[in-house]
Amino acid sequence: MEPLPSASDLIYFLPEIGLLIVAALSMFIHFAYRKRGHRRAGVVSLAGLSVVALILLLSPAGSGLLFSGHLAADPFSHFFKLVFLISGGLTIVLSFRFFDVEGSEPGEIYYLLPLTIIGMMVAVSSLDLVSTYVSFELFAIPSYVLAGIFKKDPRSAEAGIKYFFLGTLSSAFMLLGMTMVFGLTGATSYPGILQGLGHANGRVALAAMILFFVGLFFKAALVPFHMWAPDVYEGAPTPLVVFLSTAPKAAVFAIFIRILLGLFGRFEAQWSLILQAVALLTMFWGNIAALSQQNVKRLMAYSSMAHAGYLAIGLAAWGETARLAVLFYIFVYVFMNAAAFGLVLLIRKGAGFGEEVSDLRGLARRAPLAAGCILILLLSLTGIPPTAGFMGKYFLFAAAVEKGMILLAAAGALNSVISLFYYFRIGRAIFMEEESGSVRIETSTPVLSVLGVTALILLLFGILPFLLINLASTAGLTAG
Amino acid sequence: MTVLGIPILTLIVFFPLAGVLALLLVPGQRARDLKLIANLVTGLEFLATLLILRGFNPASGDIQLIERVEWIKAFHVQYLMGIDGISLLLVLLTSLLTFIATLSSWEAVRDRLKEYYTFLLFLEVGMIGVFVSLDFILFYVFWEVMLVPMYFLIGIWGGERRLYAAIKFFLYTLFGSVMMLVAILVLYYHYHTFDTLAMLASGSTLPLALQSWVFLAFFLGFAIKVPIFPFHTWLPDAHVEAPTAASVLLAGVLLKMGAYGFVRFSLPLFPEASRKFVPLLIVLALVSIVYGALVSLMQKDMKKLIAYSSVSHMGFVMLGLFTFSPLAIKGAVLQMVNHGISTGALFLIVGIVYERRHTRLIADFGGLSERLPLYAAVFLIMAMSSIGLPGLNGFIGEFMILMGTWAVNWVWAAVAATGIILGAGYMLWLYQRVMFGRLDNPANQSLKDLTVREFATFLPLLVLAFWIGIFPKPFLNIIDKPVEKIVRIVNPGYFEKVP
C-alpha cells in the first residue's frame, strides 16, 4: 500500500485535474464579471472542456492501475471520458442559444457540468465498490441540481425534485446491494469480490446483484425504472436534457460493463436473462409510448429510452461483438440525442421555444440546411443506412444473433419499424406540411453547428464505420 | 474494366451523386438549369450503363466485373459488386426508366424542383446499387437507402392522400427489410461471411429447419416488395398517390427488386427450403394473378387499375420463378423487363392526361382518340404489350412462363391462363371507355395531343416493346447461362431428366 499516489499515477489523472481547474476558473469568471459573467463562464468552460479533450487524446492510454488499484487507466475509461466531454461540450453550445432566448442564464451550470463529468470519469475507471459508489453520487447529485436549475420554469423545478427523490431512492437500493456484496465477500475491490462471490451463498449474492442493478437501471431509465425520465426530460432546460439523457446513461453502461463479468461473472445466465427482459420491455415501452406524443421533447424522451433499450441488448449478449457494438452505439447515441433535443431550439414561439411536432412545419423551406441535417438525424435514429445509427443497430443485433438470441434481435428490428412511424411524423412536418404561421424559424449558429457536426459524424461513421470501430475495439478489449 | 480510372460498377452506382452535387450548387430559382442538369445526368448515366456491355461476356453464366474491397474488417463486410446477365438487364432497365421518368417530369413538376431531382437521383443510386451488390450488408444498405427518396417523392409531390400513402409504403417495406436483416445476420453466423459468392461456393448448406426460417424472413422482405398477395395492400395507395415519375419507377424498378431478390438470393442460397415452399409460393402467385386481374376489372381510377394489374403481372413472374424450369425462369426474368416497359409506359400515359385534366377517373373520359390520335396509338401499343399480344414484348415473357409451367403442372398453367384472359378484358375495356365512344365531356374538347418531348419519352419504350416482341434473342442470350446456373442448384433433377 502506497500512502500517496506517485507522480506517474497523476499523469493518468490529468483530465480530472484539468476539469477541476476548468470548473474553478469558470466559477471565478462568473463571479468576477458582473455583466455577462455567466456567458464568459460558459465560454471558459467550453474552451476548458476542449483542452481537456485534447489532453485526453494525447495522453497515453495505459493499462495501469492507479491509487492502489482503485482506478483503472485503460483505453476503456479513456473512451468514456471522451464521450462525457463531447456530451458536455454539445450541452454548453446549445445552452448559449437556449439562454439567449429564455434569459436569466444561470452561470452555475458551466461549472457544475465539469464537476459532474469528473464524477463520471472516476465512475467509469473505478474498480472498487467504495469509489464506484462515491463517484456515482458525485455525478448524481449535481445532475439533480442541473435538472432543476431553471427556477423561472415550474416544470424545471418539478423535474429537479422528482429526479432527486427517485434518484436517492435508487441509490439506496444500490447501496444495499453493495453492502450485501461486501458482507458476503469482505472485499471492496472488484477482483477480490469476484473471487469471494465464487463460493458465497448463491441466493443472497443474486439478491445483491439485483439490488445493485436496480440503481443502475434507474439511472439509465430502463423499464421498469423509467417513470421519472419523460417528466424530467420534458421539464428540464433543453440543453441540459441533452446532457442528462446521454452522459449518465453512458456512465451507467460503463459501470455495467465493468461489473457484469468483473463482479457477477458467476451469474452470467441470470443477468443475461434479466437484461434481455429489460431490453425488450424498454424498447417496446419507449417506442410505443413515443407514438402518441405531440411534444417533441417528450417524444425524444421516450425515444432516448428506447435507445437505451437497444443498448441493453448489447449488455444481455455481452461478448466480443457486443463490446464493439455497445461502445459504438453509445458514441453515436450522444450525438444523435444532442441533435434530437437541440432541434427544438430552432423554433421560436411566443417568448420561448415551440416544442410541438406541428411547430416544425415548413422547416424545410425556411432552413433547408438544418432540415437536411435533421433528415440524416432521423434516418440514423430509425436505423436506416447510410448512417451511423444503422451501423450501430446492425452491430447490436449481430451481437444478439451471435449469442443465439435471434428473437431478441428480431424484436429490436421490429422496434425500428415502430420508431419509423413517430420519427417520420417529425420528417413529415418538416418536409411535407406547410408552415403554420404562429412560429418563427430561426437559424441560430450554435444549433446549426450542433446539427451540422452531428450530421457529418452520423454520415462519416455510417459510411466508414471502421474509423470508430478501431477506437471502440481498443477500448472494448480492456473491459470486463 | 474501368472508365476514367473508376471501376465501371462503382461509377454507374455513384455517378448520380455527381448530379446531386451539381444540383446543390445551382440556386433553387433557376428551374431550367436544374431540369437540364437532372436530365443530362440521368441520360449520361444510361449511356454509362451501356458501356458495361463492352466489358461483359454474355456467353458466361458467372458473375463478372467483380469489384471487391474490404469495408468493415471487424465484421467481414466487403464492398463487393458484380454483375451477370440477369442483373445487367435490370440495371439497363433502371437507368433507362430513370432517364425517362426524369424527362417526363419536365412540365409535370413545378414545385421544389431542387429537392425533387435530388431525391430522384438518390433513388437511382439505391436502385442500381441493389442490382449490383453481392455482399449482403452492402445489398441491404442500398435496399434501404432507396426507400427514403421514394418516401419523399410520394409524400411531397403526390396526390391528395400522399402523406398516408408515403408512410404506409415506408412502414411496409421497412418491416420486410428488417426481418431480412436479422436473417442475414443468422446467415453470417453460419457462413462467417456476408459475401454471397463465398456462401454459394462453400456449398455447406444450412440445416433445413434453419434454412426454412431464413427463407421465410427473406420471403417477407421480397414478397412485400414484389408484392405478392396478401402483402400488396401498400401498392395501390402508393401508386395512386405517387407523382407520375415515381409511379413509373415504383412499377418499373422497385417491384422488380423483390423478384430479383428471389432469383438472385433465395433460390440459389436456400434451394431445399425453396423446394419445400413451392406449394405456398405457387398458390400465392396464382391468387395474385387472378385476384389482381379481378380487382383491376372493377377499378374506376385508371392509375389504380394499372396498379392492380401489376399485382397480376408480378404474379406471373413469381409463378415462373417457382416452377424451377429454365424456360419459365427465363420467361420470368424477361417478363420483369417487359413489365417495366409496358407498365412504366402505361403510368406515363395516365400521367399525361392527368397533367392536362387533373383527373384520372375513367368516367371523365371517352372518345379521346378523336382529339389525340398519336396518344391513342401509343396507348394502344402499350395496352397490347401489357395484354401479351404476339409481336410485342409481353407475349414472349408470358408465353415462356406458361410453356415452362405447363410442363411442370398443367393445372397451374390453366389457372394462370385465366389471368391472361382477364387481363385482356380489363385492359381492352379500359381502352374502350377512355378512347372510344363519343367525346361528350366538354372539358376534353380542348385536349392537346402528345408534344415532341412527350413522344420522345415513349419512343425508347416503343422500340423496346417491338424489339423484344419480334427478336428477343439478344435479351434471352444474356440470361440463358445465369438462369441455367441457378436451375442447376435449385432443381438439379431437371438436367438429369432432360440431357
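Definitions and limits used
- Residues numbered from 1 in each chain as written.
- Chains lettered and ligands numbered in written order.
- Predicted model: local features only at pLDDT ≥ 70, side-chain atom pairs only at ≥ 80, totals over all residues.
- Helix = DSSP H or I, 4+ residues; strand = E, 2+ residues; numbered from the N terminus.
- Rg over C-alpha atoms; globule rule 2.2 N^0.38 Å.
- Buried ≥ 20, exposed ≤ 12 C-beta atoms within 10 Å, placed from the backbone.
- Contact = placed C-beta atoms within 7 Å.
- Axes fitted to C-alpha atoms, helices over the stretch in contact; angles between N-to-C directions.
- Parallel < 35°, antiparallel > 145°, perpendicular 65-115°, else oblique.
- Nonpolar A, V, L, I, M, F, W, Y, C, P; charged D, E, K, R; others polar.
- Core = buried A, V, L, I, M, F, W, Y, C linked by C-beta atoms within 7 Å.
- Domains from an automatic or database assignment.
- Pairing = 2+ DSSP bridges.
- Expected span 1.5 Å × (residues − 1).
- pLDDT = per-residue confidence, 0-100.
- Left-handed = near helix turned anticlockwise from the far one by under 90°.

Turning our attention to the overall build of chain A. Along its length, chain A carries 21 helices and five strands. Against the compact-globule benchmark of 23 Å for 480 residues, chain A has a radius of gyration of 21 Å, which places it among compact chains. Per-residue burial over chain A gives 61% buried out of 480 residues. Partitioning the intrachain contacts of chain A with sequence separation of at least 6 by distance along the chain shows that 79% fall at a separation of at least 24.

Before going further, it helps to spend a moment on the overall build of chain B. A count of helices and strands for chain B gives 22 helices and four strands. A globule of 499 residues ought to have a C-alpha radius of gyration of about 23 Å, and chain B, at 22 Å, matches this closely. Taking the principal axes of its C-alpha atoms as reference, chain B extends roughly 70 × 55 × 40 Å. For chain B, with 499 residues in total, the buried portion stands at 59%. For chain B, contacts bridging at least 24 residues in sequence account for 80% of all contacts bridging at least 6.

It is worth spelling out the packing of helix 18 (residues 393-408) of chain B against helix 20 (residues 452-470) of chain B at this point. All names here are of chain B. Where helix 18 contacts helix 20, the two axes come as close as 6 Å, and the packing angle between them is 45°. With respect to their mutual orientation, helix 18 and helix 20 come out oblique. On the side of helix 18, the interface is formed by Asn393, Phe395 and Ile396, while helix 20 contributes Leu464, Ala465, Ile468 and Gly469. Here the contact of helix 18 with helix 20 is built from residues that sort into five nonpolar, two polar and no charged.

Attention shifts here to the environment of Leu4(B). All names here are of chain B. Here leucine 4 is to be found in the loop between strand 1 (2-3) and strand 2 (6-7). What makes leucine 4 exposed here is the crowd of 7 C-beta atoms within 10 Å. Through-space distance from the C-alpha of leucine 4 to that of leucine 121 is 21 Å; in sequence the pair is 117 residues apart.

Phe328(A) and Val182(B) are the most contacted members of the largest nonpolar core, which has 395 residues in total. A per-element tally of this core places helix 7 (residues 162-191) of chain B first, with 19 residues. Residue contributions to this core reach at least three from each of two domains, namely domain 1 (1-269) and domain 2 (277-499) of chain B. In this structure, Val182(B) is in contact with Phe397(A), Val401(A), Ile406(A), Ala409(A), Ala410(A), Ala413(A) and Ala217(B), ignoring residues within four places of it in sequence.

Now for the interface of chain A and chain B. In this complex, chain A contributes 26 residues to the contact, which on the side of chain B involves 24 residues. Among the elements of the structure, helix 18 (388-402), helix 19 (406-432) and helix 21 (466-476) of chain A are those that each provide at least two residues to the side of chain A that touches chain B. For the side of chain A that touches chain B, the element with the most residues is helix 19 of chain A, which contributes 13 residues. Of the residues contributing to the side of chain A that touches chain B, the split by class is 22 nonpolar, two polar and two charged.

Residue and element names in this part refer to chain B. Per the domain assignment, the segments making up chain B are domain 1 (1-269) and domain 2 (277-499). On a C-alpha basis, the centroid separation for the pair domain 1 and domain 2 is 22 Å. Between domain 1 and domain 2, the residue contacts involve 42 residues of the former and 42 residues of the latter. Listed by contribution, the elements that provide at least two residues to the side of domain 1 that touches domain 2 are helix 3 (85-108), helix 10 (234-241) and helix 11 (244-269). The dominant element in the side of domain 1 that touches domain 2, judged by the number of residues it contributes, is helix 3, at 14 residues. When grouped by side-chain class, the residues that make up the side of domain 1 that touches domain 2 number 30 nonpolar, nine polar and three charged.

Within a sheet, each strand pairs with its neighbour through backbone hydrogen bonds, oriented either parallel or antiparallel. Residues and elements named next belong to chain A. Strand order across the open sheet formed by three strands is 4-3-5, with antiparallel pairing between neighbours. Looking at the sheet topology across the chains shown, the edges are occupied by strand 4 (352-353) and strand 5 (440-441). Of the pairings in the sheet, the one linking strand 3 (residues 347-349) to strand 5 comprises two bridges and is antiparallel in character. Counterpart to arginine 348 in the pairing with strand 5 is arginine 440.

Note that the residue after Pro385(A), namely Pro386(A), is joined by a cis bond; omega there is 0°. Tracing the backbone through its elements, the reader meets Pro386(A) in the loop between helix 17 (368-382) and helix 18. For the bond running from Phe229(B) to Pro230(B), omega is 0°, close enough to zero to count as cis. For Pro230(B), the position within the fold is in the loop between helix 9 (208-225) and helix 10. At His76(B), a residue that is not glycine, the phi angle is positive and equals roughly 55°. Note that His76(B) resides in the loop between strand 3 (64-72) and strand 4 (77-83). The backbone phi angle of His192(B) is positive, close to 60°, even though this residue is not glycine.

As a further point, take helix 3 of chain B. Between its terminal C-alpha atoms helix 3 of chain B stretches 35 Å, which fits the 34 Å expected from 24 residues at 1.5 Å a residue. Across the 24 residues of helix 3 of chain B, 20 count as buried, placing the element largely inside the fold.

What follows covers the confidence of the model for chain B. Residues with a pLDDT of 70 or more make up 99% of chain B, whose mean pLDDT is 91. Complex prediction metrics read pTM 0.93 and ipTM 0.91.

Here we take up the environment of Leu244(A). Residue and element names in this part refer to chain A. Here leucine 244 is to be found in helix 11 (residues 238-244). You can call leucine 244 buried: it has 28 C-beta atoms within 10 Å. Once the C-alpha coordinates of leucine 244 and serine 143 are considered, the two residues, 101 residues apart in sequence, prove to be 7.0 Å apart. Apart from residues lying up to four places away in sequence, leucine 244 is in contact with Ser143, Leu146, Ala147 and Ala236.

Residue and element names in this part refer to chain A. Taking 1.5 Å per residue, 28 residues should reach 40 Å; helix 4 (residues 75-102) reaches 40 Å between its end C-alpha atoms and fits that length. Within helix 4, 23 of the 28 residues are buried, which leaves the element mostly enclosed by the surrounding structure. At the C-terminal side of helix 4, glycine 103 shows a positive phi close to 75°.

A word on the pairing of strand 3 of chain B. Along any regular strand, the residues point their side chains to alternate faces of the sheet. Residues and elements named next belong to chain B. The pairing of strand 3 with strand 4 spans six bridges and is antiparallel. Opposite glutamate 70, over in strand 4, you have glutamine 78 as the bridge partner. Hairpin connection, strand 3 to strand 4: the antiparallel pair is bridged by four residues, and histidine 76 has positive phi, about 55°.

Two elements in contact, helix 18 of chain A and helix 7 of chain B, have axes separated by 9 Å at closest approach and are oriented at 55°. Viewed along their axes, helix 18 of chain A and helix 7 of chain B adopt a mutual orientation that is oblique. Like other packed secondary-structure pairs, helix 18 of chain A and helix 7 of chain B cross with a definite hand, here right-handed. When helix 18 of chain A is examined against helix 7 of chain B, the residues Phe397(A), Ala398(A), Val401(A) and Glu402(A) are found in contact with a partner set consisting of Leu181(B), Val182(B), Leu185(B), Val186(B) and Tyr189(B). Partitioned by chemical class, the residues of the contact of helix 18 of chain A with helix 7 of chain B number eight nonpolar, no polar and one charged.

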